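Chain and residue survey
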Amino acid sequence: MKHTTPLRAAATALLLTVGLGAAPTGVASAVPLPEPAAASSAAAPSASAGLLDAMRRDLGLTASQAEERLDAERAAAAVEKTARQAAGGAYGGSWYEPSTGRLVVAVTTRAKESEARALGADTRLVRHSAAALDRAKARLDTLRAPTGVAGWHVDPRTNSVVVTVVRSEREAPAVREFVDRARTGGPVTVAETAQAPRTYAAGTVGGDPYYTGNVRCSIGFSVHGGFVTAGHCGQAGAAVRGWDGSAMGTFQGSSFPGNDYAYVGIHSGWWTVPVVLGWGTIPDQLVRGSAEAPVGASICRSGSTTHWHCGTVLAKNETVNYSQGAVHQMTKTSVCAEGGDSGGSFLSGDQAQGVTSGGWGNCSSGGQTWFQPINEILGRYGLTLHTA
């Protein structure tokens, strides 16, 4: 039985696709999987030895430190939603602080500090609310950025909108003009990056390869009726072939730039499972939901080229300026990726987070990668995530 698995940049943007004429590095047949019923009946697992080993390799943690961090991050994610509601208009953002193992909630009034602390969070008093920062970022989203501007996002830790520029182009007149205009709309901090992001384009088990046209991409997550992936991997109506080269399905919807997400409907003979490939680094992972991890939390990615890698969430709601156009509402991570990983799965524990879009660097020297959040994709197409 077949299985289904699932910034306008300074450098020329490269889709994280791999041309079919290229060497098939990282393309592998999918790992045999249990029938969906068997996967659904499995008990909720504790952290596997392989997952702990990946966190040790990529985050510099011991096995016991990784287990403690996963527990603390689950608790922080639970507190975040309640704390946001309690703070109301005084909410200034939140993030997970690895040094303390606790969620930090920024608030604009002292009156809300005690409420957040009562929920189990640490607090920081700030000047600007999250709503005000979001409005400042939204004004930037209406501007056309030059190639030396890599992107921009709201950063709760600095209580500002961070504009990231390519280091070698920071003094370019167009970049300086953009930063000056940005500062007229609200509090802005300028950060530098060595390279500009690019997209990562190169079955439906998350991380498994699929093919469309002359490129290879990676499956994100199974949904009922198909899978979600990156929009730059194919346009609506494009045919999709599975890891074995046989007809798999068709892009039912796709958006790029502006967004970077797509939905592929699958043919009969393929079936969806709530699984993300571990590629032998860790056991294949069951997907049990899509609760959003906070800034600062650990996060891992599966893709058909570089397989399984981990890092942390660096920022949310970032506008990434690819050469093909800006993409909004992206999440920035310290996880590496390479060509062919586009569309692949981002997980926090057993919770789906999003699909790989693009980034810079590689998995030999390191880099950063952005993903499009899963809940936005599900809502856009009216999809239901396949969970265990």
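Quick look at the structure, then. (Residues numbered from 1 in each chain as written. Predicted model: local features only at pLDDT ≥ 70, side-chain atom pairs only at ≥ 80, totals over all residues. Heavy atoms only, no water.)

1. What to know about the pattern of salt bridges
This structure, assessed with the given rule, holds 16 salt bridges. Here Glu113 makes a salt bridge to Arg117, at a shortest N to O gap of 3.6 Å. One end of the pair, Glu113, and the other, Arg117, are both in helix H4 (residues 113-118), four residues apart, so they sit about a helical turn from each other. Under the relative-accessibility criterion, Glu113 is labelled buried at 8%. The salt bridge involving Lys137 is made with Asp141; its shortest N-O contact spans 2.9 Å. (Salt bridge = Lys/Arg side-chain N within 4 Å of Asp/Glu carboxyl O. Helix = DSSP H or I, 4+ residues; strand = E, 2+ residues; numbered from the N terminus. Buried < 20%, exposed > 50% of the residue type's maximum accessible area, 1.4 Å probe, protein only.)

2. Description of the state of the cysteines
Scanning the entire structure with this criterion turns up three disulfides. With its sulfur 2.1 Å from that of its partner, Cys300 forms a disulfide with Cys310. Its torsion about the S-S bond being 95°, the disulfide of Cys300 and Cys310 is classed as right-handed. Of this pair, Cys300 sits in strand E18 (residues 298-303) while Cys310 sits in strand E19 (residues 307-320); the two residues are 10 residues apart in sequence, bridging distant segments of the chain. Once the bonded cysteines of the protein are numbered in order along the sequence, the disulfide links fall as 1-2, 3-4, 5-6. (Disulfide = S-S within 2.5 Å.)

3. A closer look at helix H7 (residues 374-381)
Among all positions of H7, only Ile374, Ile377, Leu378 and Tyr381 are buried. Seen from one end, H7 has its buried residues packed into an arc of 100°, which puts them on one side. Every exposed residue of H7 that faces more than 90 degrees away from the buried side is listed here: Gly379 and Arg380. Tucked into the core, H7 has its buried residues touching strand E11 (221-223), strand E12 (226-229), strand E14 (247-255), strand E15 (261-266), strand E22 (351-362) and strand E23 (366-373). Backbone geometry just downstream of H7 places Gly382 in the positive-phi region, at approximately 65°. (Arc of directions from axis to C-beta. Contact = heavy atoms within 4.5 Å.)

Function-wise, these values are silent; they only describe arrangement.
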